[in-house]
Amino acid sequence: MGLFGGMMGNASGIDPRAAAKEFGRLLADGEQIHAAYQLIRDSLIFTDRRLILIDKQGMTGRKTEYHSIPYRSITHFSVETAGTFDLDAELKIWISSTAEPVSQQFGKGVDVYEVQALLSTFVAR
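Residues numbered from 1 in each chain as written. Predicted model: local features only at pLDDT ≥ 70, side-chain atom pairs only at ≥ 80, totals over all residues. Heavy atoms only, no water.

An unreviewed UniProt entry lists the chain under the name PH (Pleckstrin Homology) domain-containing protein, with Saccharopolyspora dendranthemae given as the organism.

This is the structure we're talking about:
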């Protein structure tokens with residue numbers, strides 16, 4: 001993924017082992033990362049217990065917000081595949097306490113069907 005793609009909000013997949021090494025301090029005992037995606041500075045992490053949104057803020061990115069969404073809080077979600085002219089796939093997640101969905105765009109290198117399967121597996125428990 002190029003710099004322009006990251007600036008436009010497109011996520012790309014990262015190795016779950018690399019994510020575990022970088023964000024391991026966020027995980028509970030026994031919690032495992034199943035998939036991870038990264039923007040230029042921000043990240044989305046799918047664990048076996050929750051979805052973690054990592055938002056690096058400010059010019060330097062030193063200030064970081066870690067937003068944890070337990071799968072049981074997700075009321076519904078949608079995945080929109082890329083099209084001919086719209087090259088980005090989009091994920092929308094509705095959380096029980098909010099009216100507006102959390103939205104994330106994925107570049108064409110991300111398998112949105114994998115994202116759909118992950119959410120289906122964890123939300124339907």
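Once you've had a look at it, read on.
*Asks:* Whenever I open this one, helix H3 (residues 112-123) confuses me. Can you help?
*Replies:* In an α-helix there are 3.6 residues to a turn, and that puts residues three or four apart on one side. Relative to the 16 Å expected for 12 residues at 1.5 Å per residue, H3 spans 16 Å between its end C-alpha atoms, a close match to the ideal helical length. If you check which residues of H3 are buried, you get Val-112, Val-115, Leu-118, Leu-119 and Phe-122. Considered in projection along H3, the buried side chains sweep an arc of 115 degrees and stay on one side of the axis. (Helix = DSSP H or I, 4+ residues; strand = E, 2+ residues; numbered from the N terminus. Expected span 1.5 Å × (residues − 1). Buried < 20%, exposed > 50% of the residue type's maximum accessible area, 1.4 Å probe, protein only. Arc of directions from axis to C-beta.)

*Asks:* Before we go on, may I ask you to explain the pairing of strand S8 (residues 102-106) in this structure?
*Replies:* Regular strands show a simple pattern: their side chains alternate between the two faces of the sheet. Relative to S8, strand S7 (residues 89-95) runs antiparallel, the two sharing 5 bridges. The residue bridging Leu-91 from the neighbouring strand is Gln-104, located in S8. Remark: 6 residues form the turn of the hairpin made by S7 and S8, two consecutive strands paired antiparallel. (Pairing = 2+ DSSP bridges.)

*Asks:* For this particular structure, what's the right way to read the nonpolar core?
*Replies:* Formed by 20 residues in total, the largest nonpolar core has its most connected members in Tyr-37, Phe-46, Phe-106, Val-115 and Leu-119. When contributions to this core are tallied by element, the ones reaching two or more residues are strand S2 (33-38), strand S3 (43-47), strand S4 (50-57), S7 and H3. The element best represented in this core is H3, accounting for 5 residues. Ranked by size, the runner-up nonpolar core spans 8 residues in total, among them Leu-27, Ile-33, Ala-36 and Ile-54. (Core = buried A, V, L, I, M, F, W, Y, C linked by side-chain atoms within 4.5 Å.)

*Asks:* Hey, could you run me through the environment of Tyr-37 in this one?
*Replies:* Following the sequence through the fold, Tyr-37 ends up in strand S2. For Tyr-37, a relative accessible area of 4% translates into the label buried. Distance from Tyr-37 to Ile-14, taken between C-alpha atoms, is 5.4 Å for residues 23 residues apart in sequence.

*Asks:* Where do I start with the packing of aromatic side chains in this structure?
*Replies:* Inspection of every chain in the model, using the stated rule, returns 2 aromatic pairs. Relative to Phe-122, the ring of Tyr-71 lies with its centre 4.9 Å away and its plane at 15 degrees, an arrangement referred to as stacked. Of this pair, Tyr-71 sits in the loop between strand S5 (63-70) and strand S6 (74-80) while Phe-122 sits in helix H3; the two residues are 51 residues apart in sequence, bridging distant segments of the chain. Here Tyr-71 falls in the buried class, since its relative accessible area comes to 4%. (Phe/Tyr/Trp six-rings, centres within 6.5 Å; stacked < 30°, edge-to-face > 60°.)

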